[in-house]
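# Observations on chain architecture
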Amino acid sequence: MLKKALRTKYKALRKELSEIEIEEKSLAIANEILKLPIWDKTYFHVFLPIEEQKEVNTEFILHLLSGKDKEIVISKSDFETRNMTHFLLTDNTRIQKNEYNIPEPLDGLEVPATKIQVVFVPLLAFDKKGNRVGYGKGFYDKFLSQCKPETIKIGLSFFEPEELISDVFESDVLLDYCVTPNGVYEF
């Protein structure tokens, strides 16, 4: 399927999810993450969900990382340059929603992309080869290309994979894993 059709399909599927379903599926995803071979790493990048888009609630993942004494990194997006700036999440981090309802840090200790070892990637859909479909702005492809090659890229999805996303680009960065409420896919 083409990315545009997948965006439409999965936005509609997400829209049908109730708040309870989102919480249950998000918790199931967090439990599946415990099975991944990532716990020897220190710097974990986590997206803060856009509630209005019914994204995976990463609060459970934040609790996991915090409980394991990991360094948690969150980002701020610049919509003019399509760049993301990454900040360490601390007790003093002030978070505010931007004009697109994305919760972002107002300031803090900046972390270079090269220091991040694991990235939890938001997505609308993914396929059995590790390709993903986001909102189409390219923020994460740009960010992931700035990370070290060994950075582990983990998609989070409420839904199972599509067979194939047919219009992938050379600049699209493949996932290493994708976690759904039902299990882990490795690519």
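Up top you'll find the structure we're talking about.
Below is a summary of the structure that appears in this document. (Residues numbered from 1 in each chain as written. Predicted model: local features only at pLDDT ≥ 70, side-chain atom pairs only at ≥ 80, totals over all residues. Heavy atoms only, no water.)

The next thing to look at is the pairing of strand β6 (residues 118-122). Along a regular strand, successive side chains alternate from one face of the sheet to the other. Most of β6 sits inside the fold, with 5 of its 5 residues counted as buried. Alternating residues of β6 divide into Val118, Phe120 and Pro122 and Val119 and Val121, and every residue in both groups is buried. By the bridge criterion, 5 bridges tie β6 to strand β9 (residues 152-156) in an arrangement that is parallel. Opposite Phe120, over in β9, you have Ile154 as the bridge partner. (Buried < 20%, exposed > 50% of the residue type's maximum accessible area, 1.4 Å probe, protein only. Helix = DSSP H or I, 4+ residues; strand = E, 2+ residues; numbered from the N terminus. Pairing = 2+ DSSP bridges.)

This brings us to the packing of helix α2 (residues 19-33) against helix α3 (residues 59-67). Where α2 contacts α3, the two axes come as close as 8 Å, and the packing angle between them is 30°. One way to sum up the angle between α2 and α3 is to call them roughly parallel. Seen along the crossing, α2 lies across α3 with a hand that is right-handed. Facing α2, whose interface residues are Glu23, Ser26, Leu27, Ala30 and Ile33, α3 presents Phe60, Ile61 and Leu64. Residue classes in the contact of α2 with α3 are distributed as 6 nonpolar, 1 polar and 1 charged. (Axes fitted to C-alpha atoms, helices over the stretch in contact; angles between N-to-C directions. Parallel < 35°, antiparallel > 145°, perpendicular 65-115°, else oblique. Left-handed = near helix turned anticlockwise from the far one by under 90°. Contact = heavy atoms within 4.5 Å. Nonpolar A, V, L, I, M, F, W, Y, C, P; charged D, E, K, R; others polar.)

A positive phi angle is found at Lys54, which is not glycine, with a value near 55°. Summarising the element assignment, Lys54 is placed in the loop between β1 (43-45) and α3. At Arg82, a position not held by glycine, the phi torsion is positive, near 60°. Note on Arg82: relative accessible area 36%, which makes it partly exposed.

With that settled, the discussion passes to the packing of aromatic side chains. Counting across every chain of the model gives 9 aromatic pairs. Ring geometry for Trp39 and Phe44: centres 5.7 Å apart, planes at 20°, overall stacked. Pairing Phe158 with Phe159 gives two aromatic rings, centres 6.4 Å apart and planes at 85°, and the pair type is edge-to-face. Exposure class is identical for Phe158 and Phe159. Each is buried. Members of the aromatic cluster, joined through ring pairs, are Tyr10, Phe158 and Phe159. Cation over ring: Lys68 sits above Trp39, and NZ or CZ is 5.0 Å from the ring centre. (Phe/Tyr/Trp six-rings, centres within 6.5 Å; stacked < 30°, edge-to-face > 60°. Lys NZ or Arg CZ within 6 Å of the ring centre and 35° of its normal.)

Another point: the sheet that holds strand β11 (residues 183-186). The strand order across the open sheet formed by 7 strands is β3-β2-β1-β6-β9-β10-β11, and the pairing between neighbours is mixed. Two strands bound the open sheet, and with one partner strand each, they are β3 (83-88) and β11. Recorded for the sheet is a direction-independent mean angle of 25° between the axes of neighbouring strands. Two strands pair when backbone bridges link them, and β1 and β6 are joined in this way by 2 bridges, in the parallel orientation. In the sheet register, Phe44 faces β6, and the bridge partner there is Val118. Sitting on the sheet, α3 is in contact with β1, β2 (71-78), β6 and β9, with an inclination near 140° to β2.

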